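# Tertiary structure, described
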Amino acid sequence: MFFLRHFCSSFFIFVNCILLSLASQADTVDPQLYIQKHAQAFHIWVSDFKKQALSKGIPQTTLDAAFKDITLDPQVIRLDNTQPEFSRPVWEYLAGATAQGQVNIGKKNLNEQQAVLTKIAQSYQVDPEIIVAIWGMESGYGANTGKSNVFRSLATLAYEGRRANFWKQELMAALSIVQAGDRKVTDLTGSWAGAMGQTQFMPSTFLRFAVDFDGDGKRNIWTSKADALASTANYLKHYGWKYQIPWGMEVKLPANFNYQLADGIQQKTVAQWKALGVRGFITIDSKLDQEIATLFVPAGHKGAAFLLLDNFRVIMRYNNSTAYALAISLLADQFKGKANVQSSWPTEDRPLSRSERVEMQEILNGLGYNAGSTDGIIGINTRQAIQAFQIDYSLIPDSYASITLLDALRAATKAAITQ
Ligand code: CA
């Protein structure tokens, strides 16, 4: 999860967070050249870090073991310097994550772990389906926990310098895990960005939230399913999970709905949304009327709409991506026999590539809408600029950065030039 969070600083970069597999932009850094050039400086950096860790009480023997023969990791350098050009549309991502095959595997795991999940649900007041959906998304039910040496990954990221303090703190936390006796140095494995075990916890998250549920005295999110599942439950409980309350639901919006409300931010009670004509595909239970909800259209007004309740925001604490949280939510619903997304998606109106997003921001700025820096990241400024443009040009103001929108912007620029 946190491996993705590294790329997902904004609530709104919901599509762009999932794209490492689609990375196509030529790498700007040659990992081998980088490593050759930096070998000596990295060696000095490690010595310096070890001194800092020693002063914080980590024993020399642990430090020597953790950093034995350590070198920069070329895979980390490569992945950390790759910016994806093409965004995978949210509907493709959701279709893959919630396909029937995935639902079947999840149900099988849910059944197999039923006894421990029942105990976990009692202890933490967190629904088993959501725990299992996260387990599946994070590590394929424990099949993909990552084989990288966490010390090497984190030291490489910390040395590289972007958000160096964040990575240094995680590196220090990784040492503390060994110090606490939970895991041996050689067994501290994870993703290339340091996310560990079946829960894909970063080391600092492990220290705060991992629990020993099977009672063997060690918090083991790598090979103990009980510990991994309970640790996820503990995390969700901490961030306010509401037991047996839905994450939200897919909804239908009335004709001429004001899409300025569907920004995923403005909060109203479910009853207030209902009063605005928002309807569920199944009648929304009146016991949810006083729950706080936001309305979200991940692919604009031509795609599905969702009411998102507090539990959705809790799932986003696990990974700050709306697409991720929707995938988890829809998967968990299907474990319960509920339906997948029923609305159609605007497959003809694809999201923009990175260079197209930059072009969009340049045009918006050129036309006097403040889209902020032209970095290709669709944050709050860009969304507001899109919406202002849509209002001025009598388009439906859903803030969706699509190819249709870019065409409209290009036409508006042309018109402005020829005037
Ligand atoms: Ca344990």
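Residues numbered from 1 in each chain as written. Predicted model: local features only at pLDDT ≥ 70, side-chain atom pairs only at ≥ 80, totals over all residues. Heavy atoms only, no water.

## Some remarks on empty space enclosed by the protein
A complete count under the given rule lists two cavities of 30 Å³ or more for this structure. Its volume calculated, the second largest cavity comes out at about 70 Å³. Surrounding the second largest cavity, Asp127, Glu129, Ile130, Trp241, Ile245, Pro246, Trp247, Ala332, Asp333 and Lys336 form its lining. Listing elements by their share of the lining of the second largest cavity, those giving two or more residues are helix 8 (128-139) and helix 15 (322-335). Taken together, the residues of the lining of the second largest cavity sort by class into six nonpolar, no polar and four charged. (1 Å grid on protein atoms, 1.4 Å probe; cavity = no way out; pocket = protein on both sides within 12 Å on 5 of 7 lines; lining within 4 Å. Points joined across faces, edges and corners; volume = space filled by probe spheres on them. Helix = DSSP H or I, 4+ residues; strand = E, 2+ residues; numbered from the N terminus. Nonpolar A, V, L, I, M, F, W, Y, C, P; charged D, E, K, R; others polar.)

## Digging into the coordination of the calcium ion
Note on the calcium ion: its protein donors are Asp212 (OD), Asp214 (OD), Asp216 (OD), Lys218 (O), Asp227 (OD) and Asp227 (OD). The metal-donor distances range over 2.2 to 3.1 Å. One way to put it: the six donor atoms around the calcium ion meet at angles of 46 to 161°, and that makes the site irregular. Between consecutive donor residues of the calcium ion, the sequence gaps follow D-x1-D-x1-D-x1-K-x8-D. (Donors = N, O, S within 2.8 Å, 3.2 Å for Na, K, Ca; no water. Tetrahedral: all angles 85-135°; square planar, octahedral: opposite > 155°, others 65-115°.)

## Here we look at helix 7 (residues 114-124)
Within helix 7, burial applies to Val116, Leu117, Ile120, Ala121 and Tyr124. For helix 7, the angular spread of buried residues about the axis comes to 140°, placing them on one side. Residues of helix 7 that are exposed and point over 90 degrees away from its buried face: Gln114, Ala115, Lys119 and Gln122. Each element contacted by the buried residues of helix 7 is listed here: helix 6 (100-112), helix 8 and helix 12 (225-238). (Buried < 20%, exposed > 50% of the residue type's maximum accessible area, 1.4 Å probe, protein only. Arc of directions from axis to C-beta. Contact = heavy atoms within 4.5 Å.)

## Looking at the pattern of salt bridges
Side chains that carry opposite charge are capable of pairing whenever their charged atoms lie near each other. Enumeration according to the criterion identifies 13 salt bridges in this entry. With a shortest N-O distance of 2.7 Å, Arg219 and Asp182 are connected by a salt bridge. Of this pair, Arg219 sits in the loop between helix 11 (203-209) and helix 12 while Asp182 sits in the loop between helix 10 (164-179) and strand 2 (189-190); the two residues are 37 residues apart in sequence, bridging distant segments of the chain. Here the two residues Arg219 and Asp182 agree in accessibility, since each one is buried. A salt bridge links Arg410 to Asp407, with the shortest nitrogen-to-oxygen separation between them at 3.4 Å. Here the residue Arg410 and the residue Asp407 both occupy positions in helix 18 (residues 403-418), the gap between them amounting to three residues, near one helical turn. Here Asp407 falls in the partly exposed class, since its relative accessible area comes to 43%. Salt bridges sharing common partners tie together Lys242, Glu291, Asp310 and Arg313. (Salt bridge = Lys/Arg side-chain N within 4 Å of Asp/Glu carboxyl O.)

## Brief notes about the packing of aromatic side chains
Tallied over the full model, the rule gives 22 aromatic pairs. Relative to Tyr141, the ring of Trp135 lies with its centre 5.3 Å away and its plane at 85°, an arrangement referred to as edge-to-face. Arranged with centres 4.9 Å apart and planes meeting at 50°, the rings of Tyr235 and Tyr239 form a pair that is tilted. Through a chain of ring-to-ring contacts, three or more aromatic side chains come together here, namely Phe42, Trp45, Phe49, Phe67, Phe151 and Tyr159. When the ring centre of Phe166 is taken as reference, the NZ or CZ atom of Arg163 above it lies at 4.3 Å. Looking at Lys252, its charged tip hangs above the ring of Phe281, at a distance of 4.8 Å from the centre. (Phe/Tyr/Trp six-rings, centres within 6.5 Å; stacked < 30°, edge-to-face > 60°. Lys NZ or Arg CZ within 6 Å of the ring centre and 35° of its normal.)

## Let's talk about the sheet that holds strand 7 (residues 305-308)
Pairing in this open sheet of five strands is antiparallel, and the strands run 4-6-7-3-5 from one edge to the other. Looking along the sheet, the strands with just one partner apiece sit at the ends: strand 4 (268-269) and strand 5 (279-280). Contacting strand 6 (292-296) and strand 7, helix 14 (residues 310-318) runs over the sheet at an angle of about 70° to strand 6. (Pairing = 2+ DSSP bridges. Axes fitted to C-alpha atoms, helices over the stretch in contact; angles between N-to-C directions.)

## A few points about unusual backbone geometry
Of note in the backbone geometry, Gln244 takes a positive phi value of approximately 60° without being a glycine. Positive phi, normally seen in glycine, also occurs at Asn256, with a value near 60°. Turning to its location among the elements, Asn256 is positioned in the loop between strand 3 (248-252) and strand 4. Relative accessible area serves as the criterion here: at 81%, Asn256 is assigned to the exposed category.

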